[in-house]
Amino acid sequence: MALIECKDVSKNYGSTVSLKQVNLSLEAGRIVGLLGPNGSGKTTLIKLLEHLLVPTSGLITLNELAPGAKTKSFVSYLPDRDFLPDWMKVNDLIKMYKDFYDDFDEKIAREMLNSLHIDCTKSIKKLSKGNREKVQLILTMSRQAKIYLLDEPIAGVDPAARDYILHTIVSHYNENAVVLISTHLINDVESILDEVVFLKEGEVVLHENADALREKTGMSVDEYFREVFKC
Amino acid sequence: MLGKLLKYEMKMFGRILLPLYGLLIATSVITGLSLSAVMNNVLDEYLMAFMPIVYGVILVAVGVMTIVLLINSFYKNLLGREGYLMFSLPVSTNKLISAKLISNVIWIILSVLAFIISASALAFTMIALSGEDPAMIITPPFEEIAHTLSQVTPTMVINIILGIVVLIVIMALMIIRIYAAMAIGSQWNEHRIIGSILAYGGFRIAEAVIMTILGMTGYASHYIFALLNRPFDMDGVANPFGFGLLIMIVGFGIVAAIYWFVTWYFLEKRLNLE
């Protein structure tokens, strides 16, 4: 049974077509890369799954439910920007996540924050940009969710932080979950991906097992991506 | 879930307003002290102008901050980047709106109470330092109040309760109208604030037009007069005044429900986060 199911999903903004007849079926136990250039519709698709947008047409089901308040209880979403209230302290946010999400594991969150020497008594606005992004990621990955939606989790961080983030993703997601990572930095992310989905101008042009793709093409996913999306 | 949301809403306001309330009350006592000192020729007259001005400024600050927080709790916390957090919580859009509305009404009431307490504190401070017997000054007004209260009938109590409900419904209407305007304004990416102001203006114009039409057709007044022609119970809710208040509650309630639906629609179906 697919955890994420999209059937003929389209999204228009006025006359602009952002997604065109997307059909996608993602099963549990996979880390899936949603890959495409800027403007290809990656963020739109993720926002549709998180019910921050509604499709113009088509059907989305998450664990056989339509996106809404109920699915948010088992979908853990990391937006591609700062989203935490900057007046709140890290401790306050841990309490808030614990309050609202039954699947939030405070112990894991504190372990990760301690290992990065992040002062939980500090407010978000007093943290450096890198630490802020790490706090956001840690809060997201400390949930034992069924679906993780990570929108450009490594785009704004330095290479060392990138490694940490990718390591955190791999070691903290549970095997009954699916992790969907949207990114255009394929080289960095490639090694952790089980499956790849290529999105071109709002359409799914490829959905394959990463190893199988590498064998078939004789190239890395990054190299093949550059071929497919050559300007 | 609503309770949890309310907890965070109250915290968001409380961290700014509670210290301001404390400052307001402290300033009112100091103002009372300084005014008394000036009146007793202990201090120079220039202080007469200084402290009341400070008190006035803080009073205005409390009012302005209450409104700023009201608007920001929606604009920044729901429509801004914090909206990514709020709309990812496993709660319905209706609960998000409810929590904000309830919290805003509570804080408006608390701000009014803070003003009343500070004004009382100022008055009591001056009375205490006036050299007069405080009992001579305070007792007569309280005796008046006690006398009035002893003459209150159950009907009056019902009317007072209905009157308070009307005030709350009007407050909620004013707030949800602002939310609806911001929800519509957020559709216009580069000009959210202008869009919100235009939407708000549009609402006020529409309300005025509809009220005029209703007034001109006489429909509303005929209907209400017909209702008023029914035999009234002078006690209980069906007393004329209480009934009028009830009609206001229903009327304003319907308008507020319309704005609620508009807000819900644009947040649920047309969410446009930064």
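This structure is a prediction, so every number in the text was calculated from the model and none was measured.

(A) Up close: the overall build of chain B. Across its full length, chain B carries nine helices and zero strands. What you see in chain B, going N to C, is helices and strands ordered as α-α-α-α-α-α-α-α-α. With 274 residues in all, chain B has 37% of them scored as buried. Considering only contacts within chain B whose residues lie at least 6 apart along the sequence, 79% involve residues at least 24 apart. As displayed, chain B offers around 14800 Å² of accessible surface, 76% of which is attributable to carbon and sulfur atoms.

(B) Local environment of the packing of helix α3 (residues 90-100) of chain A against helix α4 (residues 106-115) of chain A. Residues and elements named next belong to chain A. Here α3 crosses α4 at 155°, and the two axes come no closer than 11 Å. It follows that α3 is roughly antiparallel to α4 by the angle criterion. Note on packing geometry: the crossing formed by α3 with α4 is right-handed. Between α3, through Val 90, Asn 91, Ile 94 and Lys 98, and α4, the contact on the second element is made entirely by Glu 106, Arg 110 and Leu 113. Split by residue class, the contact of α3 with α4 holds three nonpolar, one polar and three charged.

(C) How the structure looks around the pairing of strand β5 (residues 75-78) of chain A. Residues and elements named next belong to chain A. Burial along β5 is two-sided: Val 75 and Tyr 77 facing one way and Ser 76 and Leu 78 facing the other are all buried. Sheet topology places β5 next to strand β6 (residues 147-151); four bridges connect them, and they run parallel. Along β6, the bridge assignment pairs Val 75 with Ile 147.

(D) The arrangement of the confidence of the model for chain A in detail. In the predicted model, chain A carries a mean pLDDT of 93, and 100% of its residues have values of at least 70. By mean pLDDT, the top-scoring element of chain A is α3 of chain A (97), and the lowest-scoring one is helix α6 (residues 159-172) of chain A (83).

(E) Highlighting the interface of chain B and chain A. Contacts between chain B and chain A engage 24 residues on the former and 26 residues on the latter. Buried surface at the junction of chain B and chain A, summed over both partners, amounts to about 2500 Å²; 60% is from carbon and sulfur atoms. Of all residues in chain B, Tyr 8, Tyr 84 and Leu 85 of chain B bury the most surface against chain A, accounting for 28% of the area lost on that side. At the junction of chain B with chain A, the criterion picks out two salt bridges. With a closest N to O distance of 2.8 Å, Lys 7 of chain B and Asp 99 of chain A form a salt bridge. At the boundary of chain B and chain A, one finds 10 residue pairs in polar contact (both at pLDDT 80 or more).

(F) Structural context of the sheet that holds strand β8 (residues 195-200) of chain A. Residue and element names in this part refer to chain A. Pairing is mixed across the open sheet formed by six strands, whose spatial order is β5-β6-β7-β3-β8-β9. Strands at the two margins of the open sheet, each flanked by one partner only, are β5 and β9 (203-209). Across the sheet, the mean angle from the axis of one strand to that of its neighbour is 15°, orientation sign disregarded. Bridge count for β6 against strand β7 (residues 178-183) is five bridges, and the pairing is parallel. Looking at the pairing, Leu 150 lines up with Ile 181 of β7. Across the sheet, helix α5 (residues 129-141) touches β5 and β6, and the angle it forms with β5 is around 170°.

(G) Representation of the environment of Ile 147 of chain A within the structure. Residue and element names in this part refer to chain A. Tracing the sequence through the fold places Ile 147 in strand β6. Residue class for Ile 147 comes out buried when judged on its relative accessible area of 0%. Considered as a pair, Ile 147 and Asn 63 are 84 residues apart in the sequence and their alpha carbons are 9.0 Å apart. When near neighbours in sequence (up to four residues on either side) are disregarded, Ile 147 contacts Leu 3, Ile 4, Leu 62, Phe 74, Val 75, Ser 76 and Val 178.

(H) Representation of the pairing of strand β3 (residues 30-35) of chain A in the model. All names here are of chain A. Of all six residues in β3, five are buried; the element is thus mostly enclosed. Sheet topology note: the β3/β7 ladder contains six bridges and is parallel. Looking at β7, one finds that Leu 35 is bridged to Thr 183. Here β3 runs beside β8; their pairing, made up of four bridges, is parallel. Counted as the bridge partner of Val 32 is Glu 195 from β8.

(I) Focus on the UniProt feature "domain: ABC transporter" (unreviewed entry) in chain A. Summarizing the sequence annotation, UniProt attributes the feature "domain: ABC transporter" (unreviewed entry) to residues 4-226 of chain A in the numbering used throughout. The straight-line gap between the two end C-alpha atoms of residues 4-226 of chain A is 27 Å; of that span, 35% is helix and 27% is strand.

(J) Highlighting a positive patch on the surface. On the surface, a cluster of positive charge is contributed by Lys 89, Lys 122, Lys 125 and Lys 126 of chain A together with Arg 15 and Lys 76 of chain B. Inspection of the secondary structure puts Lys 89 of chain A in the loop between β5 and α3.

(K) Representation of helix α9 (residues 221-228) of chain A within the structure. All names here are of chain A. Taken together, the buried positions of α9 are occupied by Val 221, Asp 222 and Phe 225. Buried residues along α9 cover an arc of 100° about the axis, so they all sit on one side. On its buried face, α9 sits against β3, α7 (186-189), β8 and α8 (210-217).

(L) Representation of the pattern of salt bridges in the model. All names here are of chain A. Per the stated rule, a full pass over the model turns up 19 salt bridges over all chains. Residue Glu 203 pairs with Lys 20 through a salt bridge whose shortest N-O separation is 3.7 Å. Here the residue Glu 203 occupies a position in strand β9, and Lys 20 occupies one in strand β2 (residues 16-26), the gap between them amounting to 183 residues. A salt bridge links Arg 214 to Asp 211; the shortest N-O distance between them is 3.0 Å. Taken together, the residues span about one helical turn, with Arg 214 and Asp 211 both in helix α8 at a distance of three residues.

The rules we used
- Residues numbered from 1 in each chain as written.
- Chains lettered and ligands numbered in written order.
- Predicted model: local features only at pLDDT ≥ 70, side-chain atom pairs only at ≥ 80, totals over all residues.
- Heavy atoms only, no water.
- Helix = DSSP H or I, 4+ residues; strand = E, 2+ residues; numbered from the N terminus.
- Buried < 20%, exposed > 50% of the residue type's maximum accessible area, 1.4 Å probe, protein only.
- Contact = heavy atoms within 4.5 Å.
- Areas by Shrake-Rupley, 256 points an atom, 1.4 Å probe, with all protein chains shown as cover.
- Axes fitted to C-alpha atoms, helices over the stretch in contact; angles between N-to-C directions.
- Parallel < 35°, antiparallel > 145°, perpendicular 65-115°, else oblique.
- Left-handed = near helix turned anticlockwise from the far one by under 90°.
- Nonpolar A, V, L, I, M, F, W, Y, C, P; charged D, E, K, R; others polar.
- Pairing = 2+ DSSP bridges.
- pLDDT = per-residue confidence, 0-100.
- Buried area = accessible area lost by both parts, 1.4 Å probe.
- Salt bridge = Lys/Arg side-chain N within 4 Å of Asp/Glu carboxyl O.
- Polar contact = N/O pair within 3.5 Å; in protein donor to acceptor, adjacent residues only side chain to side chain.
- UniProt positions renumbered as here; feature names shortened; annotations may be inferred.
- Patch = residues over 30% accessible without salt bridge, like charges linked within 9 Å, V, L, I, M, F, W, Y side chains within 5 Å.
- Lys, Arg positive; Asp, Glu negative; His and termini not counted.
- Charge placed at Lys NZ, Arg CZ, Asp CG, Glu CD.
- Arc of directions from axis to C-beta.

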